[in-house]
Amino acid sequence: MGQGLIFRNKGKLMLGWLYVYFFLGFMILRKLTVKWGFTLTMFAIVSFLVDIFLRKKQRDDSVEKLVLCDWKLVLFPLLAWTISTLIYIPIELYTANPGDFQFDFSYYVFVLTVGMLMIVLCSVVISFLLLSKKQAKFLYSILFSVVLMGYVQGMFLNKNMGILTGDSQVWETKTVVINSIIWLVVILALVFILMKNDKVTTIVTVVSIYLCMVQMVAVVFMIFTGNTNSNAKFKAFTDKGSLEISQGNNVIVLLLDRFDIEFLENAMNINSEIAEELKDFTYYPNATCEFSRTSNAIPYLLTGTSRPRNMSELEYTEYAYSESDFLKQIQNAGYKIGLYTNEDLVPEKYRGVAENNNDDIKKQCGFFSTIFTMMECSKYRMAPLCFKDYYYYYTSVISDLIDNKEIWNIDNDYPFYEKLMKKGLSISKDTDSKGKFYFYHMFGTHGPTNLSENMKPVESGSVSMEEQTQASMNIVLEYLKQLKEIGRYEDATIIITADHGVQLDAQYYKENNVVDRTTNPVILIKESKGNHDKMVVNEKPVSQSSFIPTVFEALDISYNGSDKVFDDVIEEDNSERTYESVWGDEIDIFAIKGDARIKENWKLIYSNH
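For the structure given in this document, a descriptive report is provided here. Quick caveat, the model's predicted, so the values are computed rather than measured.

Assigned secondary structure in the protein chain consists of 19 helices and 16 strands. Burial analysis of the protein chain (609 residues in total) assigns 53% to the buried set. Taking contacts inside the protein chain between residues at least 6 apart in sequence as the whole, the part at least 24 apart equals 77%. About 28,100 Å² of surface is accessible on the protein chain, with carbon and sulfur atoms providing 57% of the total. Between the centroid of the 59 positive side chains of the protein chain and the centroid of its 73 negative side chains there is a distance of 12 Å.

Next comes the structure, spelled out in structure tokens:
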């Protein structure tokens, strides 16, 4: 009987250590993989053996139970952690970035609150069922220490966080080292003190309550003063008509975000079939883009409007469309328009030209996806600098929360690919228009990578850019293949391009008097009834200013501007092309004279910072 009791106590002790480490894994890790599960189990076994050894050495096999009077030790650190990661930071992110959080706020808060209560309730119950007093002190000492330091990091130590572009961020080594030392010293000191002294529990309770209260007060303030989209009718470009090809004259733009020529040429070197499949296209490698970022690049392509030098990133979009009638001219000429892009890249009053525009669409976030994603976003905010890259996320994780698959998603190409494979392209029954202008904006070769070469969604950043490029090309080639199968390839004008290339670093130029890289967007064009034996490489010095004239020529619409179609650019033209890097109010302008692929031909001619 006694041996059975000892066996049960040891079994419970082992389960307790397993829970401790798996809870810490849930708290700290981005994703609990099989590899991490094995590692955490090993930690639990080692801790169990050490625990047994120490008990025998102290000649005390008894297990001090966690009893109900210890509830403060468990509850308040849990509340401080869940309020930080599931209430305070997620609500702050929403109210500060309503343009990114395009879904119902009240349901979002409901999901977060329920998620918080579920985690707290489950953790409290399991803690009292499985943990000994020592295990509980160990677990909740670490939890409290991490929450306290996460709060301090978020409030005082997060310097120069930058914009989430999909690329990793870099800090000075000295800054990272100092930040890491602060974290390590504080956490070790706190855990040691809390494990050794029961009286310190009162301080933990007081500080945890303080963190809960100050953050909840801030939450209430944000709800009443922040932008919660409470009166908004949600608007979006849907995938309506994306798989239906007009019987008339079609101009099809397949735009892969940040598709630089280095990605295409690397992909063609790896897979020779890509060039073969694109043999009817003319490739312009000596190309430049107008802007460095999607927020300005897409409006430029759809308007052709130059940006006044001191105009900010946010002001330009509205201005660009107000100065252009490109889309309206296409509509007035009898063509339909499908803008398969993000609605924020086209001002509201100009979206009506697109047949796939929806002014009142249901946008509601998923339940479990929202809970886990927002915890991940919170961990990024709270993490020490040395772990920021591990938690780094791109804004696409927010748009991915929307539980409506009809909405076009420029941050994830898999839904379109999946529909393309399941439903396939078909010929539209519409005979009321002369044809259609299709503008497909896809994630392309942007980071962080999210699609494998074999066309499977993967964890953000887990595959190489080469795989992401291959996946992007697989979508394009599948689309072209189906276009041929339904007999609409031959007569269509098809443009495969990018909104911009890989970004340049103006600071690098200032320090080295040469650019860190060139940025050359892919421009591939197949003319209507154009057939080649192999891909034509055209070395003409082209820029995106030729995009609108080329589209107009393909749609047989007169163009009164001074820009030339891509094919009419003079090969010997040595005129200056420009490239603008606009980040909020920070502006850098480069001039390119000569071959755009040569770094020495790029000069920084203007910077306001």
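As a further point, take helix H4 (residues 105-130). Taking 1.5 Å per residue, 26 residues should reach 38 Å; H4 reaches 37 Å between its end C-alpha atoms and fits that length. Where H4 is concerned, the buried positions are Phe105, Tyr108, Val111, Leu112, Gly115, Met116, Ile119, Val120, Ser123, Ser127 and Phe128.

Turning to its location among the elements, Thr288 is positioned in strand S5 (residues 287-288). Relative accessible area serves as the criterion here: at 0%, Thr288 is assigned to the buried category.

With that settled, the discussion passes to a negative patch on the surface. Taken together, Glu527, Glu553, Asp567 and Asp568 make up a surface patch of like negative charges. Within the secondary structure, Asp568 sits in the loop between helix H19 (547-554) and strand S14 (577-583).

Right, let's talk about the packing of aromatic side chains for a bit. Where two aromatic rings form a pair, the distance of their centres and the angle of their planes describe that pair. With the rule as written, the count across this model stands at 43 aromatic pairs. Where Tyr21 meets Phe138, the ring centres are 6.3 Å apart and the plane angle is 55°; that geometry is what we call tilted. You can see Tyr21 sitting in helix H1 (residues 2-28) and its partner Phe138 sitting in helix H5 (residues 133-157), a full 117 residues away along the chain. On the basis of relative accessible area, Tyr21 is assigned to the buried category, the value being 12%. Ring geometry for Phe103 against Tyr108: centres 5.6 Å apart, planes inclined by 55°, an arrangement best described as tilted. As far as burial versus exposure is concerned, Phe103 and Tyr108 are alike and both buried. In textbook terms, an aromatic cluster arises when at least three aromatic residues are bridged by ring pairs, as seen for Tyr19, Phe23, Phe26, Trp81, Tyr140 and Phe372. The positively charged end of Arg293 is found above the aromatic ring belonging to Trp583, 4.4 Å away from the centroid. Cation over ring: Lys526 sits above Tyr489, and NZ or CZ is 4.8 Å from the ring centre.

To continue, consider the sheet that holds S14. Read from one edge of the open sheet, 3 strands run S14-S15-S16, paired in antiparallel fashion. Each of the sheet's edge strands pairs with one partner strand only, and the pair in question is S14 and strand S16 (602-607). Strand-to-strand twist of the sheet, defined as the mean angle between neighbouring strand axes without regard to direction, takes the value 25°. Judged from the 7 bridges that link them, S14 and strand S15 (residues 586-592) form a sheet pairing that is antiparallel. The partner of Ser581 across the bridge, within S15, is Asp588.

On to the packing of H4 against helix H13 (residues 367-382). One can describe the packing of H4 onto H13 by two numbers: an axis separation of 9 Å at closest approach and a directional angle of 75°. Between H4 and H13, the crossing angle belongs to the class labelled roughly perpendicular. Residue-level inspection shows Tyr107, Tyr108, Val111, Leu112, Val114, Gly115, Met118 and Ile119 of H4 in contact with H13, the latter providing Phe367, Phe368, Thr370, Ile371, Met374 and Met375. Among the residues forming the contact of H4 with H13, the class breakdown is 12 nonpolar, 2 polar and no charged.

With that settled, consider the environment of Gly435. Here Gly435 is to be found in strand S9 (residues 435-442). Separated by 102 residues in the primary sequence, Gly435 and Ala333 have C-alpha atoms spaced 9.9 Å apart.

Turning our eyes to something else, we now look at the environment of Gly304. For Gly304, the location among the structural elements is in the loop between helix H10 (294-301) and helix H11 (313-322). Under the relative-accessibility criterion, Gly304 is labelled partly exposed at 35%. Separated by 244 residues in sequence, Gly304 and Ile548 place their C-alpha atoms 6.8 Å apart.

On to the nonpolar core, then. Residues Trp81, Phe103, Tyr108, Tyr140 and Met374 are the most contacted members of the largest nonpolar core, which totals 73 residues. Here this core takes 13 residues from helix H3 (residues 71-96), the largest share from any one element. Here Phe103 is in contact with Tyr94, Tyr108, Phe234, Lys363, Gln364, Cys365, Ile398, Leu401 and Ile402, once residues within four sequence places are set aside. Counting 45 residues, the second-largest nonpolar core is a separate cluster that includes Phe281, Tyr417, Met465 and Leu477.

Further remarks concern the sheet that holds strand S6 (residues 335-340). Ordered by their spatial adjacency, 7 strands build an open sheet running S6-S9-S3-S10-S11-S4-S12, and the pairing between neighbours is mixed. Only two strands of the sheet have a single neighbouring strand rather than two, namely S6 and strand S12 (536-537). Of the strand pairs in this sheet, strand S4 (residues 282-283) and S12 are connected by 2 bridges, and their pairing is parallel. When the bridges of S12 are listed, Thr282 appears paired with Val536.

What counts, and at which threshold
- Residues numbered from 1 in each chain as written.
- Predicted model: local features only at pLDDT ≥ 70, side-chain atom pairs only at ≥ 80, totals over all residues.
- Heavy atoms only, no water.
- Helix = DSSP H or I, 4+ residues; strand = E, 2+ residues; numbered from the N terminus.
- Buried < 20%, exposed > 50% of the residue type's maximum accessible area, 1.4 Å probe, protein only.
- Contact = heavy atoms within 4.5 Å.
- Areas by Shrake-Rupley, 256 points an atom, 1.4 Å probe, with all protein chains shown as cover.
- Lys, Arg positive; Asp, Glu negative; His and termini not counted.
- Charge placed at Lys NZ, Arg CZ, Asp CG, Glu CD.
- Expected span 1.5 Å × (residues − 1).
- Patch = residues over 30% accessible without salt bridge, like charges linked within 9 Å, V, L, I, M, F, W, Y side chains within 5 Å.
- Salt bridge = Lys/Arg side-chain N within 4 Å of Asp/Glu carboxyl O.
- Phe/Tyr/Trp six-rings, centres within 6.5 Å; stacked < 30°, edge-to-face > 60°.
- Lys NZ or Arg CZ within 6 Å of the ring centre and 35° of its normal.
- Pairing = 2+ DSSP bridges.
- Axes fitted to C-alpha atoms, helices over the stretch in contact; angles between N-to-C directions.
- Parallel < 35°, antiparallel > 145°, perpendicular 65-115°, else oblique.
- Nonpolar A, V, L, I, M, F, W, Y, C, P; charged D, E, K, R; others polar.
- Core = buried A, V, L, I, M, F, W, Y, C linked by side-chain atoms within 4.5 Å.

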